[in-house]
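Observations on the three-dimensional arrangement
Single-letter residue listing:
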Amino acid sequence: MLNRSKIFWESFYFKAIISKKLPILIRALLNIPLFSSDYDACLIKELKVFIDYFAFLYMKEITYNEAQEKESLRQDYLNQFFKKYPEKSVLRIVYNKNEGNFKKHLNALKIKGKITEKDYNKLIKSFKKHEGTDMNLFAFCPRGEVGKGISPKIFVNPVCFKLDFMDFVSILVDHEYIHAKHVKEGIKLKEGLEISYLNQNFFTPEVLLLLDESVAYINTIEKAIERDNLSPQIKELIKAFRKIQEELQSINKFNSVIEEASVKFQIKNNLRALQKYSEAEKR
Ligand SMILES: [Zn+2]
């Protein structure tokens, strides 16, 4: 028993040293307060990186089915999922247990003064409105931080685990990762049509939201066609996408020239995606 344990720890430290994770832990132990209101800068987070790595080396893989059945496995599953489907625009994927972690995140932003009380209430309200629908993931950033290079966390609601695995990949990787990319890099429609903190005041918030969604939906649809996954869930997404398109088409008064150009450009892109989808459906 003692021998086995010795071998285990030796190999653990060896792997930790060669992976350069040990310096992270040492730095964490020396420099960083154990608890901090800024979670991303506290020791718990550094320890978590280390423990995640440990888990990655020694824990058995959790299957999607296991995560569906056992709620306590879902955060570990999401960590594992993120290693399989990495994305530099995403900080990490958080299981939104009891739908409370997202609220905590918003609360922290409110305390830091990054969102107002009014924004907070509005977000909580829209968050509740989306309960039970396909919009159950959130890659959120405060207005004014779009395109500043900040990678957001993605919050995954419990209801997402009711989906088939392919649909789960669709909404998380093909859809929500795009929102995260928009948060980090801005919305790049094409050269000369890029939306970020620098020019977002030229857009009404509702139009910004429609453009953001529209780009994410197009990617979801294209990837679903590529993966040959035209499931009922994707059909539901198409319905929502058509609604976005209708809303964009109904705008007749624009806030700025760039808003008008962006909307017109995106309407054409949406039409093309819808066309591709109906062709794939006929096949
Ligand atoms: Zn979306």
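Rules used throughout
- Residues numbered from 1 in each chain as written.
- Predicted model: local features only at pLDDT ≥ 70, side-chain atom pairs only at ≥ 80, totals over all residues.
- Core = buried A, V, L, I, M, F, W, Y, C linked by C-beta atoms within 7 Å.
- Buried ≥ 20, exposed ≤ 12 C-beta atoms within 10 Å, placed from the backbone.
- Helix = DSSP H or I, 4+ residues; strand = E, 2+ residues; numbered from the N terminus.
- Contact = placed C-beta atoms within 7 Å.
- Pairing = 2+ DSSP bridges.
- Axes fitted to C-alpha atoms, helices over the stretch in contact; angles between N-to-C directions.
- Left-handed = near helix turned anticlockwise from the far one by under 90°.
- Nonpolar A, V, L, I, M, F, W, Y, C, P; charged D, E, K, R; others polar.
- pLDDT = per-residue confidence, 0-100.

With that settled, consider the nonpolar core. Leu137, Ile154, Val156 and Ile221 are the most contacted members of the largest nonpolar core, which has 46 residues in total. For this core, the element with the most residues is helix α9 (residues 205–226), which contributes nine residues. Apart from residues lying up to four places away in sequence, Leu137 is in contact with Ile154, Phe155, Val156, Asn157, Cys160, Ile171, Leu172 and Glu176.

With that settled, the discussion passes to the pairing of strand β4 (residues 187–190). Summarising the sheet, β4 and strand β5 (residues 193–195) pair through three bridges and their orientation is antiparallel. Bridge pairing in β5 places Lys190 opposite Leu193. Between β4 and β5, which follow one another and run antiparallel, lie two residues, and Gly192 among them has a positive phi close to 90°.

Contact pair α9 / helix α10 (residues 232–249): the axes reach a minimum separation of 10 Å and the direction vectors enclose 145°. Two packed elements cross with a definite hand, and for α9 against α10 that hand is left-handed. Facing Leu210, Glu213, Ser214, Tyr217, Thr220, Ile221 and Ala224 of α9, the residues of α10 in contact are Ile234, Leu237, Phe241, Ile244, Glu247 and Leu248. Of the residues belonging to the contact of α9 with α10, the class tally is nine nonpolar, two polar and two charged.

Residues other than glycine predominantly adopt negative phi, and peptide bonds predominantly adopt the trans conformation. With phi around 55°, Asp228 is a residue other than glycine that occupies positive phi space. Here Asp228 is to be found in the loop between α9 and α10.

Looking at where His182 falls in the secondary structure, it is placed in helix α8 (residues 165–185). Taking the C-beta count within 10 Å as the criterion, His182 has 25 such neighbours and is therefore assigned buried. Separated by 33 residues in sequence, His182 and Val215 have C-alpha atoms that sit 9.4 Å apart.

Topologically, Lys223 is positioned in helix α9. Residue Lys223 is classed as partly exposed on the basis of its 17 C-beta neighbours within 10 Å. As a C-alpha pair, Lys223 and His175 span 48 residues in sequence and 9.5 Å in three-dimensional space. With near-sequence residues (within four places) excluded, Lys223 lies in contact with Ser170 and Asp174.

What follows concerns the confidence of the model for the protein chain. The predicted coordinates of low-pLDDT regions are not to be read in fine detail. For the protein chain, the mean per-residue pLDDT works out to 83, and 75% of the residues sit at or above 70. No element of the protein chain has a lower mean pLDDT than helix α1 (residues 2–18), which averages 55, and none a higher one than helix α11 (residues 257–282), which averages 96.

On to the packing of α8 against α9. Running from amino to carboxyl end, α8 crosses α9 at an angle of 145°, the nearest separation of the two axes being 9 Å. When the axes of α8 and α9 are compared, the crossing they make is right-handed. Residues Ser170, Asp174, His175, Ile178, His179 and His182 of α8 pack against Asp212, Val215, Ala216, Asn219, Thr220, Lys223 and Ala224 of α9. Each residue belonging to the contact of α8 with α9 can be placed in one class, and the counts come to four nonpolar, six polar and three charged.

With that settled, consider the environment of Tyr197. Topologically, Tyr197 is positioned in the loop between β5 and α9. Considered as a pair, Tyr197 and Val183 are 14 residues apart in the sequence and their alpha carbons are 9.8 Å apart. Setting aside residues up to four positions removed in sequence, Tyr197 forms contacts with Gly144, Glu145, Val146, Gly147 and Lys148.

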